[in-house]
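Residues per chain, in single letters:
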Amino acid sequence: MATNNLYDLPPASLESTLRDVVSPSFRIRQIEEWMYVRGVDSFESMTNLPKELRASLASQFSLAFPEPIERTPPANDGSSKYLFKLEDGSRIESVYMPLHERTSERTSVCLSSQAGCAVGCTFCVTGFFGAGRNLTPSEMVGQFFTIRSEHRVAPDLMNVVFMGMGEPLLNFDNLVIALDILSRTVAPKRMTVSTSGIIPGIDAIAKLAHPPHLAVSINAPDQKRRQEIMPITSKYPLGELIAALKRLDREFTAEYVLLAGYNDSPQDAAALAKLLRGLKAKVNAIPFNADPNLPPWMKRPADGAIDRFVDTLVKNGVRVTVRRSKGREIAAACGQLRGKSEVPQRRVHRAARVEPARVERDPLHRERR
Ligand code: SAH
Ligand code: SF4
């Protein structure tokens, strides 16, 4: 990757890159502090460096972050979505979620890892718009540092979740550099990487020296339905994914998007509990977030159905949380802000897709585009 952005380098190679330009070596320690602890985006900000050194660094390197171009007004829980513009004009989004007092969830920032997603899950707006390029490490950490500085949160009180646009495990090398940089201020156990189930990536995450927490989007209790809504299942079948999670042998979060009348019955909950038996899983149930770009048959279940689903999991010995707060739900429905400001490119392609068998029985079927 040809880049002169210092945030694109693994922290371990910063010193060798700067050695010829910066001396004495304690100056490199100062630069590290400005970058990895404070997260500055210009050499000008490094006020304890001599002016000439700052100018010389700026003539050779960059510390640029993506440009924040839009922020939604805070939702009822204070959450806010950010739209960032990248150098090539691509747009990505992130979400700031302040401390949630009722559930005592910490302040979190939800980051994107790609400027789109080729995985193409049928319930996801990012998937609807299709593939986008991998984000560079500087574009990933830039979302975090920009949001953190705007909200002035103490760095050690934050969680980072890679649950925005894109499939982080399909951008593995850049993700690892970003995690390494972020781990200077956020403990690895406070960082979560959410995946649609890329098995080689899951195996590789387990081998990292300081692995982040893993969240895996399960979303259906059987191969047939999972394949209908998550086409990646034909490449990485559910049985093999479960085997990979067994190999992982660590606690992980099983995410489950609840779609009314599709995967939200007590029987589905019992089947999910059975699927996860023997794994160190806790379930995060995410009520589906509707969007005009998504198939109209997809609906969020009524609260009673969500409660019955959760109760059945609990009765079957599964730990479960439900994402009910508005802002945190918005965060799950990655790609929606971007969805509103862009003309859909894939409408024809999506309409031509074979819909799941169950949809045929749905009375709303006729409304489909
Ligand atoms: N690609 C990764 C991470 C980004 S998606 C993954 O799929 O895990 C983050 C989460 O948002 C996933 O659990 C996904 O299932 C969920 N999600 C996507 N679209 C959604 C929607 N419309 N409503 C609710 N959750 C959604
Ligand atoms: Fe990609 Fe995740 Fe959306 Fe699926 S849910 S299309 S993997 S971003």
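Residues numbered from 1 in each chain as written. Chains lettered and ligands numbered in written order. Predicted model: local features only at pLDDT ≥ 70, side-chain atom pairs only at ≥ 80, totals over all residues. Heavy atoms only, no water.

Enquirer: What should I look at first to understand the sheet that holds strand 4 (residues 107–110) in this one?
Expert: Sheet strands pair by backbone hydrogen bonding; their relative direction is either parallel or antiparallel. Read across the open sheet, the 10 strands follow the order 1-2-3-4-5-6-7-8-9-10; overall the sheet is mixed. The open sheet has two free edges, formed respectively by strand 1 (67–71) and strand 10 (319–322), since each of these has just one partner strand. Going from strand to strand, the sheet's axes swing by 25° on average, the running direction of each strand aside. Sheet strands touched by helix 11 (residues 303–315): strand 8 (252–258), strand 9 (281–287) and strand 10. Its angle to strand 10, the strand with the most contacts, is close to 160°. (Pairing = 2+ DSSP bridges. Helix = DSSP H or I, 4+ residues; strand = E, 2+ residues; numbered from the N terminus. Axes fitted to C-alpha atoms, helices over the stretch in contact; angles between N-to-C directions. Contact = heavy atoms within 4.5 Å.)

Enquirer: What should I look at first to understand the packing of helix 5 (residues 137–151) against helix 6 (residues 172–182) in this one?
Expert: A packed helix pair is summarised by two numbers, namely the angle formed by the two axes and the spacing between the axes. Look at helix 5 against helix 6: their axes get within 8 Å of each other, and the N-to-C directions meet at 35°. Read as a crossing pair, helix 5 and helix 6 show a hand that is right-handed. Here Pro137, Met140, Val141, Phe144 and Phe145 of helix 5 lie close against helix 6, whose contacting residues are Asn174, Leu175, Ile177, Ala178, Ile181 and Leu182. For the contact of helix 5 with helix 6, a count of residues per class yields 10 nonpolar, one polar and no charged. (Left-handed = near helix turned anticlockwise from the far one by under 90°. Nonpolar A, V, L, I, M, F, W, Y, C, P; charged D, E, K, R; others polar.)

Enquirer: What exactly am I supposed to notice about the side chain of Thr312 here?
Expert: The residue Thr312 is located in helix 11 in this model. Given a relative accessible area of 14%, Thr312 falls into the buried group. Excluding residues within four positions of it along the chain, Thr312 makes contact with Pro266, Ala269 and Ala270. (Buried < 20%, exposed > 50% of the residue type's maximum accessible area, 1.4 Å probe, protein only.)

Enquirer: Is there a simple way to think about the site of ligand 2 in this case?
Expert: The environment of ligand 2 is formed by Cys117, Val119, Gly120, Cys121, Phe123, Cys124, Gly127, Gly166 and Ser196. In the shell around ligand 2, the residues fall into five nonpolar, four polar and no charged. (Near = heavy atom within 4 Å.)

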